[in-house]
Amino acid sequence: MFHSEEQGDLTLQSKMTDVAADKTDPAGSLSSTEKEPDDLIEEKNQENQPAAEGEGAAGGVYRYIKEDLFTSEIFKVEIQNLPKYIGFNDLKKFLNKHGINPHKIKLFSKQMFAFVTFKNQEERDKAMKAVHGMQWKSKVLSVRLAKPKADPILKKRKLEEEAEGGQPGTKRAAGSQEVEENEEEPLNIQIANAVTPLWNVPYEEQLKRKEKEVEGVLQKLTREIGNNNKAMLPWLFVQKEKYNKICCPLEAIRPSPVQTEYRNKCEFVIGVGADGEDKTVGFRLGKYKGGSCAVVSPSETTHVSSEAKRVVQGFQQFIRTTPYAVYSPETYEGHWRQLTVRTSRIKQTMAIVFFNPQKLQEEEIEELKRNLHQYFTEGKESGITSLYFVRMGQRTSAGTEDLPCEHVTGEEWIHEELLGLKFRISPHSFFQTNTPAAEVLYSAVGEWAQLDQDSTVLDVCCGTGTIGISLAKRVKKVIGIELCQEAVEDAKANAEVNGLTNVEFHCGKAEDVFPTILNAVVSPSVTAIIDPPRAGLHSKVILAIRRAEHLKRLVYVACNAKAAMNNFIDLCRAPSNRVRGAPFRPVRAMAVDLFPQTMHCETILLFERVAYSSNTDI
């Protein structure tokens, strides 16, 4: 999904981020991959090796660390001897409790250590002084300075040079050989493998694989419910007997009505082409952190619409006429960074240009914007109906949702039709990236929610209001919560244009807004519909849901069910001092395919509150 969530290790210094890869949505460009434990141990060892000669902060594989460019990597420590079984949130909460505010945490729970970075030396030193020697759950913590992460591109070059020079590194040399063999494939095959890895798998087989993935998630959830709520074991035993060893029935996956050209939003990086052509707009063959910067045109990709391809082609022609170079994540030099294209079924197209102004004068930037306006409005058949310009500097990470958009030409929004309703979409607003499949998804959500005219729907992480608005005519009231101010404004306008008066929207973090709203709701039938970022909901929201005993039913839409596992577990775990209120349990599950040609899909889970008063419930 294209939420503004962030997840795990996405705040790595801007050098390490891949602006082409949408970290919050599969198939937008390159999907992110999880590291295996062996890789994590190797990374730990590499990060804590003494620097080789010539590899200090000013050069070698650490050349990216410059005095005039921010990176939290230079304020990095390693906390050792952590207690067993703690999670990311536990560590963050522990540090915050002692007045420590980390910029980034990378936890290696199996090895019981973590890398923690800070925004400046003062905060780092304060943390070292406070945490070193502190006792936590019978463990005495130790803290030491950690070496910054090596620049991936320079590190790869160094290893290749060592391999070519006959120095130790057989394993690396073998890896390089593998890359070379891969590079012999035509570029259209390479990019298809990178952005749509299932492009050559029959669609029925793709669906089977995705359904199997969701079944694996439910198997894990079944085990976790048994481990965290002993009172549910009798019920769980019956469920496993009924449903092939999982906690609830898994219904047949619902396919996407379209399998090609389905994406209504894509983010394209701008860089040097894999064919050597400068100022190429497209997708990267690999991630920067994997040592790759080569860009390939999306012209032969199956998931990008023809309208978006036309915009990419026209924009590429334009930037090649300008004197400005592409931005280099290796040197921090250059200007052109990214192009985002949003399209709709009613043939409207929005283009958002991301540009690093460097030290250009304001007059030069204004002239560039005038040239963009002229190029895309005078006789060009790009199809663009809305054009925006965004200034994106060095310190900006992959998350672009908070950057102000400067309207250049055309309408301020694009519009889309979904389930017979009309929606307007702003540059940063979330809208499902496969509109026909979103109709399938939202129809299933409405069916599972079991709503009537007395129902109140809480639409959490509502984006432009699509789910709540699609259900509004069936219920008494819809209350939406969304972090992005642009999306909230869109949602309010969307409710108005569709003639709805029983809908309201609130802007803010779900963990801040939701508890207050939930406590104020007076209704005989309250249902929550949750469509959160890939990382899932903040634990505060889950705790508020658990406390609100009048909330009996919850439909959870997960774009990454594995990442949302902690949410599922917290909904079902036994009551405690931390988790108050009767638990929920899963009663239905289903996958909906919104991302053909990739391994990603949406998963719907219906949770219902356990009624302890009934002897038949547990």
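Please refer to the structure higher up on the page.
Residue numbering note: each chain is counted from 1, following its sequence as written. In view of the model being predicted, local features appear only for residues whose pLDDT reaches at least 70, and side-chain atom pairs are presented and counted only at 80 or more, with totals across whole chains, interfaces and linings using the full set of residues. Computation of side-chain values: all heavy atoms of the structure, hydrogens and water removed.

## Observations concerning the overall build of the protein chain
Put simply, DSSP marks the helices as runs of H or I at least four residues long and the strands as runs of E at least two long, and each gets a number from the N terminus on. Helices and strands together make up the secondary structure of the protein chain, namely 16 helices and 23 strands. Only protein chains enter the area calculation, which uses a 1.4 Å probe; residues under 20% of their type maximum are buried, those over 50% are exposed, and those in between are partly exposed. Across the 618 residues that make up the protein chain, the buried fraction comes to 55%. Note on definitions: a residue-residue contact is assigned when non-hydrogen atoms from the two residues lie within 4.5 Å. Restricting to contacts in the protein chain with at least 6 residues of sequence separation, those with at least 24 account for 70%.

## Some words on the sheet that holds strand 10 (residues 295-296)
As summarised here, the arrangement of the seven strands in space is 10-9-8-11-12-13-14, forming an open sheet in which the pairing is mixed. Both edges of this open sheet fall to strand 10 and strand 14 (406-410), since each of them pairs with a single strand only. Between any two strands, at least two bridges found by DSSP are needed for them to pair. The sheet contact formed by strand 12 (residues 349-355) and strand 13 (residues 386-391) spans six bridges and is parallel. From the neighbouring strand, A351 faces strand 13, where its bridge partner is L387. Each of strand 8 (265-271), strand 9 (280-284), strand 11 (336-343) and strand 12 is contacted by helix 9 (residues 306-319), which is oriented at about 150° to strand 11, the strand it contacts most. Helix axes are fitted to C-alpha atoms over the stretch in contact, other axes to C-alpha atoms as well, and angles between N-to-C directions run from 0 to 180 degrees. Those strands touched by helix 10 (residues 362-377) are strand 11, strand 12, strand 13 and strand 14, and its axis lies near 155° from that of strand 13.

## Quick look at helix 13 (residues 485-497)
An α-helical turn contains 3.6 residues, so a residue and the one three or four places further along point in the same direction. A helix is expected to span 1.5 Å multiplied by its residue count minus one. Taking 1.5 Å of rise per residue, 13 residues should cover 18 Å, and helix 13 covers 18 Å from first to last C-alpha, within 8% of that figure. On its buried face, helix 13 sits against strand 16 (421-425), helix 12 (466-471), strand 18 (477-482) and strand 19 (503-507). Phi turns positive one or two residues past the end of helix 13, at G499, with a value near 70°.

## Examining the pattern of salt bridges
When a carboxyl oxygen of Asp or Glu lies within 4 Å of a side-chain nitrogen of Lys or Arg, that pair is called a salt bridge. Throughout the structure, instances matching the rule amount to 22 salt bridges. Two residues, E406 and R391, come together in a salt bridge whose shortest N-O distance is 2.5 Å. Placement of the pair is E406 in strand 14 and R391 in strand 13, with a sequence separation of 15 residues. The partly exposed category is assigned to R391, whose relative accessible area is 26%. In this structure, E608 and R553 form a salt bridge, with 3.9 Å as the shortest nitrogen-oxygen distance.

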